[in-house]
Structure formats: C-alpha cells, structure tokens
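Fold and contact review
The primary structure of each chain is shown beneath.
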Amino acid sequence: MPGRIIESYKQVPETQEDLDWADLITLDLSRYYQPGGKEELVKQLDHAVRNVGFFYVKNFNIGQEEVDEQFALGREFYSLPLEEKLKFSNQADLERGEYNGYRPAGNRDLGNGLKDNIQVYNIPKFDGFHERKQPDVLKDNIQKIESFSRKCHNEVVLPLLRLFAILLELPDEDQLVNDHEYDVKGEDHLRYMYYAARNPEENKKVGQLYVPGHTDLGTVTLLFRQPVAALQILNSEGNWKWVQPQDGTITINTCDALTALTGGLIKSSIHRVHAPPQDQAHIDRLGVLYFARPNNHVVLDPITNSPLLNRLGLTSNVFTELGQHLTTEQWVKVRQTQQQRRNKPAKISEDGKFEYEKKDLEILPGLHAKIHN
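This section reports on the structure supplied with the text. What you see is a predicted model, and the numbers here were worked out from it, not measured in a lab. (Residues numbered from 1 in each chain as written. Predicted model: local features only at pLDDT ≥ 70, side-chain atom pairs only at ≥ 80, totals over all residues. Heavy atoms only, no water.)

**Points about empty space enclosed by the protein**
A complete count under the given rule lists two cavities of 30 Å³ or more for this structure. Quantified by volume, the largest cavity comes out at close to 950 Å³. For the largest cavity, the lining is made up of 48 residues, of which Arg108, Met193, Val211, His214 and Gln339 are closest to its centre. The class makeup of the residues in the lining of the largest cavity is 21 nonpolar, 15 polar and 12 charged. For the second largest cavity, the lining is made up of 13 residues, of which Leu223, Gln226, Val243, Pro245 and Thr251 are closest to its centre. Looking at the lining of the second largest cavity residue by residue, the classes come out as eight nonpolar, three polar and two charged. (1 Å grid on protein atoms, 1.4 Å probe; cavity = no way out; pocket = protein on both sides within 12 Å on 5 of 7 lines; lining within 4 Å. Points joined across faces, edges and corners; volume = space filled by probe spheres on them. Nonpolar A, V, L, I, M, F, W, Y, C, P; charged D, E, K, R; others polar.)

Here it is in structure tokens:
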C-alpha cells in the first residue's frame, strides 16, 4: 500500500558566519565501481580513519528526493502531539537498554537546572527480529522507510566495509560484510533526531553544548546533510572544529565496535553537538541518521587474520584487556543501559566541561564511558 502524500521538505539556509571548519576528505563512491577505484579510495581513507574518524561520501546512489522524504517524515512525526508520540515510548525499556521507538526530550538531567533538549525516534532495521508498532504517518510510508534503510546499508555501509577490509589486508574483502548482514539479527537503525533551540541564557548554563564530546558505539554512523551548523569534531591536534554541511554528501564517522575489531587502528571519532551559530541559534535542528553495527552474534575481539594489525601488534582492545569477549548484542545492551539510566546532573563549567560521578559512567566493572571535554 503506497504511503500517503506529505508535504515536501525544504532545508533552511546555511550559516553565513565564518566558522572554524574541519578539513575532511570526501570519498567519491562512484570510483568504487571503476578499475583501481577501491585502492584509490583506501589511500584516501587511511589517514582519515586512523587520525580523525570523520569523512564525507558522495555519489552513493541514494537520490536527494529520497533523503528529503525522510526529513519530511521526521518533521511529520515530531509535529504530532506529545501524548501521541509518548505511545511509542517506555521509560522502563529505556533504562534496560532498549532504544528503539521514541525518547522524549527532558529524559536526562544535564546540570545547572537544565534537562536535555533532544527528541529521538529510532526505527530498527527490517531484519524480521524487531517488529514494532509505528505511528500512522510512518506506518503509511513504511515501504519507503524500509527501502531507504536498506539503501543506507547496501549502497554506503557495504562499500565502506569492503574498503576497510582492503585497508586491513584481509584475505577476503567480504569478511566484514559477512559480519554485517542486513537480514541477520542486529541493532542497526534509522533515526529521526530533533534538537529544540534554546535561548542564550540556557545555552550559557550548559557551556553552549547540546551534547558533550562522545563516541558512537557501533561500526559507522551516517549523518545526512544537515544545514544547521552544530556538529563539531575533535581533530588529531586536540582542537574542536565545526563540520560543514556539503551538498550531495553524507558525513560518516567511525565508531567503538570498529575500533574494537581493529585493535584501536581505526579511530572512534570524538564529536559533540554545539549550540548553532548566531544566525541559526533560533532554528530547531532535525537530523536523519543511520547507525550500522555488526550482527548481534559477532564477538568484538580484534581481528586475528589481518596482516596489518599483526604487524602493528594490535591484538587487544579495551574489552579483552579486562578479560571480556563481548558480542555486539552484549556491548549494545551494557552501553545503552549506561547511557539511558537516570543519573545525577553533571557539574558543568562555563566553558562546557561536564563532570559526572564515576558510578554514572560505569559500563562494566573496570570500563567507564568517557566524556571528552
């Protein structure tokens, strides 16, 4: 059944302010299918994933109209009354590490009397293991949503996994692909994310930050072009840089599970969400993201048959050093539980340094989440 017609989505203008933009490479995925193209892309990718963990991709076989449809669906969902959205939320589930469905704003005490300003709606991949009720506006367009979700995986994630395999000198360039099959049980998901604008007084109380510095827990995250400037990355020199929206691109960041599998070779990118610049400070920020993760059964030990990792002696990670051999399912559960459980507010300095009690950051005995100030 075709989805009902909804109004098209128009992005707001980009900022005109002269911000300190990050210098990121752009991978042209059309080269992936050309002779010698994969090797050329791996050379580009090598420095980016070892040092920053952020890059752009272009020419990824998902049309702008399809991307705009997802932004429009996100807009339609967030325009629903709160009581309607709350039908798809369960606080007890959130605190047990369940993250699919709706998470309302105000779920976390940030500090200095402020709660978070972020609404999240997660749609799990369509692998047959995550059946959920959806609000009518999404249910009516579920075929388009599934098609988009699968394209994110097939057109972007899989080519990147093959490039990582070549970088790691694996004997089979499909080795990582085989650990990330779409139709095998996993925690990949599509996300509509909504940041409500704050006034200057509120932003000052939280050091001008919507989200402090952190890493993502999966393999890679795909962020579709978002013109409201807010994303910042910590570069290899230890400086925060703004990520500039680029037409026709997806911003990619590498994440914790990939760092674990590569013994730390591929950097889990450190990033944060800053209050937008002055000319966009009043604008709410809607995002469309796709989070890719290894299949649930995959054990997150360093890959043993990578000649590169073996030459570099990268044979352990933060899990194995604790005697842990976590599957993706176990890692997601403990990390999400830590992220979503109720915690005491942080102590926040005027320059945006967040300090939490150590027990609130504990993921496992001996392993704590890091807040990157």
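There is more to say after this.
**What about helix H2 (residues 64-78)?**
The terminal C-alpha atoms of H2, which comprises 15 residues, lie 21 Å apart, in line with the 21 Å expected from a rise of 1.5 Å per residue. Among the residues of H2, those classed as buried are Val67, Gln70, Phe71, Ala72, Leu73, Gly74, Phe77 and Tyr78. (Helix = DSSP H or I, 4+ residues; strand = E, 2+ residues; numbered from the N terminus. Expected span 1.5 Å × (residues − 1). Buried < 20%, exposed > 50% of the residue type's maximum accessible area, 1.4 Å probe, protein only.)

**Considering helix H1 (residues 37-51)**
An α-helical turn contains 3.6 residues, so a residue and the one three or four places further along point in the same direction. For H1, with 15 residues, the first-to-last C-alpha span of 22 Å sits near the 21 Å given by 1.5 Å per residue. The set of residues buried in H1 consists of Gly37, Lys38, Leu41, Val42, Leu45, Ala48 and Val49. Buried residues along H1 sit against strand E1 (26-28), strand E2 (54-58), helix H6 (142-167) and strand E12 (249-254). Downstream of H1 by a residue or two, glycine 53 has a phi angle that is positive, lying close to 85°. (Contact = heavy atoms within 4.5 Å.)

Coordinates in, geometry out; function isn't part of it.
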